[in-house]
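Structure assessment
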There are 2 protein chains.
Amino acid sequence: MNNKEISLKNLTSPHELSRLDMRQCEKLCGEIRENIIRTVMKNGGHLSSNLGTVELAVAIHRVFRSPADKIIWDVGHQAYAHKLLTGRYDDFGTLRKKGGISGFCRPEESEHDAFISGHSSTSISAALGMAEAMRLDGDKHHAVAVIGDGAFTGGLAYEGLNNAGKSNNNLIVILNHNDMSISKNVGAFAKYLTSIRGNTAYINAKNKVEYILGNTPIVGEPIKKVIQTSKSALKSVLYHSTMFEDMGFVYLGPIDGHNISELEDALRAAKKLRRPVFVHVNTIKGKGFRPAEINPGAFHAIPSCGYRKNNPNNDIKDSFSEAAGKALCRLAAKDSKICAVTAAMKYATGLQYFASEYPERFFDVGIAEQHAVTFAAGLAKGGRLPFFAVYSSFLQRSYDQIIHDASIDRAHIVIGIDRAGFSGEDGETHQGIFDVPMLLTVPGITVFSPSTYKELELCMETAFYRTDGVAAVRYPKGGETLTFGAEDTVSYAYTLTKNGNRRLAVGYGRIIHNLYAAAENCDVLKLVKLYPVEEEILRICKNYDEIFFFEEGSRRGGIGEYLLTELYGKGYRGKYFITAPDGFIGQASMEECLDEYGLSAEKMKAIFNNCSEDSIET
Amino acid sequence: MNNKEISLKNLTSPHELSRLDMRQCEKLCGEIRENIIRTVMKNGGHLSSNLGTVELAVAIHRVFRSPADKIIWDVGHQAYAHKLLTGRYDDFGTLRKKGGISGFCRPEESEHDAFISGHSSTSISAALGMAEAMRLDGDKHHAVAVIGDGAFTGGLAYEGLNNAGKSNNNLIVILNHNDMSISKNVGAFAKYLTSIRGNTAYINAKNKVEYILGNTPIVGEPIKKVIQTSKSALKSVLYHSTMFEDMGFVYLGPIDGHNISELEDALRAAKKLRRPVFVHVNTIKGKGFRPAEINPGAFHAIPSCGYRKNNPNNDIKDSFSEAAGKALCRLAAKDSKICAVTAAMKYATGLQYFASEYPERFFDVGIAEQHAVTFAAGLAKGGRLPFFAVYSSFLQRSYDQIIHDASIDRAHIVIGIDRAGFSGEDGETHQGIFDVPMLLTVPGITVFSPSTYKELELCMETAFYRTDGVAAVRYPKGGETLTFGAEDTVSYAYTLTKNGNRRLAVGYGRIIHNLYAAAENCDVLKLVKLYPVEEEILRICKNYDEIFFFEEGSRRGGIGEYLLTELYGKGYRGKYFITAPDGFIGQASMEECLDEYGLSAEKMKAIFNNCSEDSIET
């Protein structure tokens, strides 16, 4: 490759980056930013975080040799530059499209994506595992975890850090410090990081580096020499007494995350230490795109319909999230016991209204879903009525806390499960298809799944005042779809639409509208209270010769299977057809997902027609 | 109460403790220790940890007024002294018996048990929730979390700490620092704590306290006065720059945890600060009982059969844990790729053999089940074959990591699920009844449930070499029970014992032996590979008119229900009876549990007889 014509287009391997001079690197960064902005504005995706890591991605690939060195991007929503640098430039236009480039890291997509990502705070644990595997193999390469300060509010990151600090391998943890998680970062640790970030007094820097290196056997001396002769490395010095040094890491930083040569010097120093190193990098979320720099929260995630106004509330306008948030405000106006809890998702779950009206009763606990549930159980035991709003797929983190801390002692908490069902373009890691199977194993739980905003509010009220123990109200990503006349009864239990048919179609949640549209020669049973199933539901179902169950969630362990086992106990022996996905679900638009898994009105119609010929069963 | 005749017997309320003088307190502590030792030697239970917290419990109840002040014991296995001081002296002989005093904290047992406990690292989150509830109510009482250094290796504790440090309420976190979790504590954080523990230089203590108090509005001055006039409070001073101060807490310590007056002074100072305070207390695990002081690990948990020799290996002699540990060694001898991971349960899960034979490949990650799975997935992605041995109920912490970090990208990890099924005397929080329902929701998983040691090894080998993605091998607490002749075929799939009957009894795991003993006029199908169910199993089952399914685990979402839904799809319409517990299961001996839930041979016989009259179905 001729260095003079370097561009993303003709970059065949990230290894070529090391041959570029600084001016070329900077030009490349500009090109990367252009590509990210253009693609995200078109396809949707994460913008601010990806603009913040452009120089970091370039520096990492200049210093380390992926895939021999393992680069692990926490969450993965800041890895677009990494993707553009590692052979995915040509396909980048398919970002978040069905069959296209993932918005997160996927090892099946590229050997340069060392570990799957999507959920927060996993990178240190994964990198440590890989670093230990390399140590055992005598492989001298590095495992590099890149993790934001937001992800550090998750306990898993701390578990990894705690385990890593005493280890003896080539692990490098890069803190991508932008002072944001998704909204403004919260918690004591964030405050602590910021206190370091702001510090410009590199006390006695040179001596300190030399001292530590002098005490590092074998490699110390050569590195000392490198550092002594490197001007900018002197800026990336060992800061005095940080929490990370207390945890057993060598601490380097803070580094200017938009200065490639400063980044490189620090990463090269880290690489040579051959022990766990913590590199603190300051970045600006949205860097290089003024609107995003000014309001990074608004540009955290851009929906696929393109560029929207500079308003963080826009994200959730006319959505179940917004409806839940506003309903909670109305309920809280009448009941001072109601509190709201979020795990760093104030805007995304519609809780900003509650937060501004009732700041005393609003708790953003950080990306800490385990803690959120146990904390909510504590609030409940203290006489409060907590509402924990959380994405379905992130609630998976709370399984033990739901059982152990809340359910056994019947702490009355209400979980608002947002993004329940398909989540569309985010793909496998974000699909809300496991909350039902997971929660159905929790003794004493009550689960509601409303189909409309009105029903959502009714279910929330019912969950607060007419259930005990753990209750969950689940609602989909996006807004209300079609609403119908007669069928659109508001209920917290069920609605049966009878037309004297011998076949019954059963469903719940968003897809019920498709079911109403598709049902021919079928009575329709809309479930709202999913669990536990009431005797009345069983009596209704038993009357039919054929039951068609539709579920926007994992078939295995879902309501469809559960209802069948209950019906069997009541002597039902009729036909029973379940339509629901099994296994993980890749990225695609919501409509594509629904259609692929038989949950569009059209596909439902086809199922009704085919099944009348008795070809498929359960 | 006459102070002169104070004893546990005539203590009617913990409030009376504040009237005792030091000599009386010490006498009481002796009495508490006697009671604990006597009862644990008889009933089994946790010994070392409870002997270490006697003075702490006395001091807490002298300074705080439970239940108005909320005392939350993390894990709860160190709360026996607290129990004896709060109205449970008379019943203490029923410790861990059916219907008796719990070995952990149970709010339903006493208003002084402010929050349920059993699993580690929950106390800060729960206490913070309660402290916030009190703040909102204008209630000036305190929430006090007592948490060991071992529990601090769990990310949940850190999530709580991170959220608490920036809060503004009456939360006090007491670190019970004994340098042990269950075995020797591990991790960087433990090392860090120990570095503080050893420090005796209380630099410029008095001034530092005064400075902080001078800067604490309103309450600062009066406390300053109290501290200035209190001699021993001067010892419990603010230590310079700890991680906890970085996190936003006031730090007091380290305090001698066996010196009541020093403890009291520190707790009183903490109480008066009215902001989050971290009190670092040094205790000796096993204090006051020489054998336990010398080897606290061996006396961590005493089995109910009474006092056993001073050997940590005794815990697991002739048990599935030991069998798993030794089988792993044999497999590892032939395959250097095999690694072992434990979450602070080296001895309890039988991994001590592996640890001593293959120290390089052994990883104790602390009480960090989330990290353990993601770390193992990292090892797997690095080409290793990790075996994570963990108690069934603790694996609940790893649900998201199993799905997100391991299963989606098909990282090949093998989970050894110990204590699968009833756990007996530990009660609700420790029952291994949810792992099957939980794991059955994980796409692509393979689950084995061997009945004998031989089968366990075969299943482990099969899991390593003949499955991909996540595989689990589950085995019960305790040892092999009865073994039979012909029926005792070793298989990793299933064993069918045919006698030409029209009814089939199906079961798996430990209870299969009871089933063999009970089955009359029944063919018996022993499942070993539980999931996914093979076509062959469905073909076999379809041949029978009646199926009796027995399951030592949650009925809801279990194999019994799953098999039924699969059979239904194949056209099965015969009788199907499930015998399995539903809901939480209280403490009792293993035999009592099995009998209560219809899983003893006798009860199984009764079920076979009753069901022939067609009275029960599913």
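As a reminder, the structure under discussion sits directly above these lines.
What you are looking at is a predicted structure, and each value in this text was computed from that prediction instead of being measured.

1. Examining the overall build of chain A
Looking only at helices and strands, chain A features 24 helices and 19 strands. In chain A, which comprises 618 residues, the proportion classed as buried is 67%. A sequence separation of at least 24 residues applies to 74% of the contacts in chain A between residues at least 6 apart. Looking at chain A as shown, the accessible area adds up to about 19,600 Å², and 48% of this sits on carbon and sulfur atoms.

2. Section: the relation of the copies chain A and chain B
Least-squares fitting of chain A to chain B yields an RMSD of 0.0 Å, with the superposition described by an axial translation of 0.0 Å and a rotation of 180°. Viewed as a symmetry operation, the transformation between the two copies matches a two-fold axis. Across chain A, the rotation axis passes nearest the C-alpha of glycine 155 of chain A, at a separation of 1.8 Å. The fraction of interface residues of chain A whose copies in chain B are also interface residues reaches 100%, indicating that both copies meet through the same surface.

3. Concerning the pattern of salt bridges
All names here are of chain A. The full count for this structure, using the stated rule, is 58 salt bridges over all chains. Note that glutamate 552 is salt-bridged to arginine 510, the shortest N-O span being 2.6 Å. You can see glutamate 552 sitting in the loop between β18 (546-550) and α22 (559-569) and its partner arginine 510 sitting in the loop between β15 (503-508) and α20 (512-518), a full 42 residues away along the chain. Residue classification places arginine 510 among the buried positions, given a relative accessible area of 9%. Via salt bridges that share partners, Lys83, Arg88, Glu109 and Asp113 belong to a single interconnected network.

4. Overview of the sheet that holds strand β8 (residues 338-342) of chain B
Residue and element names in this part refer to chain B. Taken together, the seven strands give an open sheet; going across it, the order is β9-β8-β10-β11-β13-β12-β17, and neighbouring strands pair in mixed fashion. On the outer flanks of this sheet lie β9 (362-364) and β17 (529-531), each paired with one strand and no other. The mean angle between the axes of side-by-side strands here comes to 25°, regardless of whether they run parallel or antiparallel. Summarising the sheet, strand β12 (residues 446-448) and strand β13 (residues 470-474) pair through three bridges and their orientation is parallel. Looking at β13, one finds that threonine 446 is bridged to alanine 471. Packing against the sheet, helix α15 (residues 369-381) makes contact with β8, β9, β10 (385-391) and β11 (413-418), and its axis sits at approximately 165° to β10.

5. Re the pairing of β8 of chain B
Residues and elements named next belong to chain B. Burial analysis of β8 places five of its five residues in the buried class, which makes it a mostly covered element. Burial of the side chains of β8 extends over both faces: Ile338, Ala340 and Thr342 are buried on one face and Cys339 and Val341 on the other. Pairing between β8 and β10: five bridges, direction parallel. When the sheet's bridge partners are listed, isoleucine 338 is paired in β10 with leucine 385. In the sheet, β8 pairs with β9 via three bridges, with the strands oriented parallel. By the bridge assignment, threonine 342 is partnered in β9 with aspartate 364.

6. Comments concerning the interface of chain A and chain B
Listed as interface residues are 96 residues of chain A and, on the opposing side, 96 residues of chain B. Summing both sides of the interface, chain A and chain B together bury roughly 8,300 Å²; the carbon and sulfur share of this comes to 61%. Looking at the side of chain A facing chain B, the largest losses of area belong to Tyr158, Arg556 and Tyr568 of chain A, adding up to 9% of the total buried there. Between chain A and chain B we count eight salt bridges in total. With a closest N to O distance of 2.5 Å, aspartate 137 of chain B and arginine 384 of chain A form a salt bridge. Summed over the shared surface of chain A and chain B, the result is 29 residue pairs in polar contact (both at pLDDT 80 or more). Tallying contributions element by element places helix α5 (residues 123-137) of chain A first for the side of chain A that touches chain B, with 10 residues.

7. Section: the side chain of histidine 142 of chain B
Residues and elements named next belong to chain B. Turning to its location among the elements, histidine 142 is positioned in the loop between α5 (123-137) and β3 (143-148). A residue is classified by how much of its surface remains accessible, and histidine 142, at 2% relative accessible area, is buried. Setting aside chain neighbours within four positions, we find histidine 142 in contact with Phe64, Asp69, Lys70, Met134, Asn170, Ile172, Ala270, Lys271 and Arg274.

8. A few points about unusual backbone geometry
Cis geometry marks the peptide bond from tyrosine 531 of chain A to proline 532 of chain A, where omega comes out at -5°. Within the element layout of this structure, proline 532 of chain A appears in the loop between β17 (529-531) and α21 (535-542). Phi at alanine 344 of chain B is positive, roughly 60°, even though this residue is not glycine. Relative to the elements of secondary structure, alanine 344 of chain B occurs in the loop between β8 and α14 (352-357). Given the relative accessible area of 2%, alanine 344 of chain B is considered buried. Here arginine 410 of chain B, not a glycine, exhibits a phi torsion of approximately 55°, which is positive. Position of arginine 410 of chain B relative to the elements: it lies in the loop between α17 (399-407) and β11.

9. A closer look at the packing of helix α1 (residues 22-43) of chain A against helix α11 (residues 260-273) of chain A
All names here are of chain A. Here α1 crosses α11 at 105°, and the two axes come no closer than 10 Å. Taken together, the axes of α1 and α11 lie roughly perpendicular to each other. Between α1, through Met22, Cys25 and Cys29, and α11, the contact on the second element is made entirely by Ile260, Ser261 and Glu264. Split into classes, the residues belonging to the contact of α1 with α11 amount to four nonpolar, one polar and one charged.

10. Regarding the nonpolar core
Counting residues in each nonpolar core, the largest one holds 237 residues, and the members touching the most others are Ile415, Leu439 and Tyr576 of chain A together with Ile415, Leu439 and Tyr576 of chain B. Here isoleucine 415 of chain A is in contact with Phe388, Val390, Leu395, Ile402, Val470, Ala471, Ala472 and Val473 of chain A, once residues within four sequence places are set aside.

11. Some details on the packing of helix α6 (residues 155-165) of chain A against α15 of chain B
The geometry of α6 of chain A relative to α15 of chain B is characterised by a closest axis approach of 9 Å and an angle of 70° between their N-to-C directions. Considered as vectors, α6 of chain A and α15 of chain B are oriented roughly perpendicular to each other. Within the contact between the two elements, α6 of chain A uses Leu156, Glu159, Gly160 and Asn163 of chain A and α15 of chain B uses Glu369, Gln370, His371 and Thr374 of chain B. Classifying every residue of the contact of α6 of chain A with α15 of chain B gives one nonpolar, five polar and two charged.

12. What about the pairing of strand β18 (residues 546-550) of chain B?
Residues and elements named next belong to chain B. Buried residues dominate β18, accounting for five of its five residues. Where burial is concerned, the two faces of β18 agree: the one with Glu546, Phe548 and Phe550 and the one with Ile547 and Phe549 are both buried. Judged from the four bridges that link them, strand β15 (residues 503-508) and β18 form a sheet pairing that is parallel. From the neighbouring strand, valine 506 faces β18, where its bridge partner is phenylalanine 549. The pairing of β18 with strand β19 (residues 575-579) spans five bridges and is classified as parallel. Paired with phenylalanine 550 across the bridge in β19 is threonine 579.

Quick notes on the rules
- Position numbers for residues start from 1 in each chain and track the written sequence from start to end.
- For naming, the first written chain is A and the first written ligand is 1, with later ones following in the order written.
- With pLDDT at 70 or above as the cut-off, local features in this predicted model cover only qualifying residues; side-chain atom pairs require 80 or more to be listed or tallied, and sums for whole chains, interfaces and linings still use all residues.
- To obtain the side-chain values, all non-hydrogen atoms of the structure were included, while hydrogens and water were left out.
- A run of H or I in DSSP counts as a helix once it spans at least four residues, and a run of E counts as a strand once it spans at least two, with each numbered from the N terminus.
- For the exposure calls, accessible area comes from a 1.4 Å probe over protein chains only, and a residue counts as buried if that area is under 20% of its type's maximum, exposed if over 50%, partly exposed in between.
- Contacts are assigned to residue pairs that have any heavy atoms within 4.5 Å of one another.
- Computed with the Shrake-Rupley method and a 1.4 Å probe, the accessible areas treat only the protein chains shown as cover for residues.
- Alignment of copies: least-squares fit on C-alpha atoms of residues with pLDDT of at least 70 in both copies.
- Any carboxyl oxygen of Asp or Glu that lies within 4 Å of a side-chain nitrogen of Lys or Arg is treated as forming a salt bridge with it.
- Strands were regarded as paired on the criterion that DSSP finds at least two bridges between them.
- Only the stretch in contact is used when fitting a helix axis, every axis being a line fitted to C-alpha atoms; angles between N-to-C directions are given from 0 to 180 degrees.
- Once two parts are put together, the accessible area they lose, assessed with a 1.4 Å probe and summed over both, is termed the buried area.
- Pairing of N or O atoms within 3.5 Å defines a polar contact, subject to two protein rules: one partner must be a possible hydrogen donor and the other a possible acceptor, and residues neighboring in sequence count only if both atoms are side-chain atoms.
- Put simply, angles under 35 degrees are roughly parallel, angles over 145 are roughly antiparallel, angles from 65 to 115 are roughly perpendicular, and the rest are oblique.
- Gly counts as polar in this scheme, as do all residues outside two lists: the nonpolar Ala, Val, Leu, Ile, Met, Phe, Trp, Tyr, Cys and Pro, and the charged Asp, Glu, Lys and Arg.
- By nonpolar core is meant a set of buried Ala, Val, Leu, Ile, Met, Phe, Trp, Tyr and Cys residues that side-chain atoms within 4.5 Å join together.

Read these as layout, nothing more, since geometry by itself doesn't imply function.
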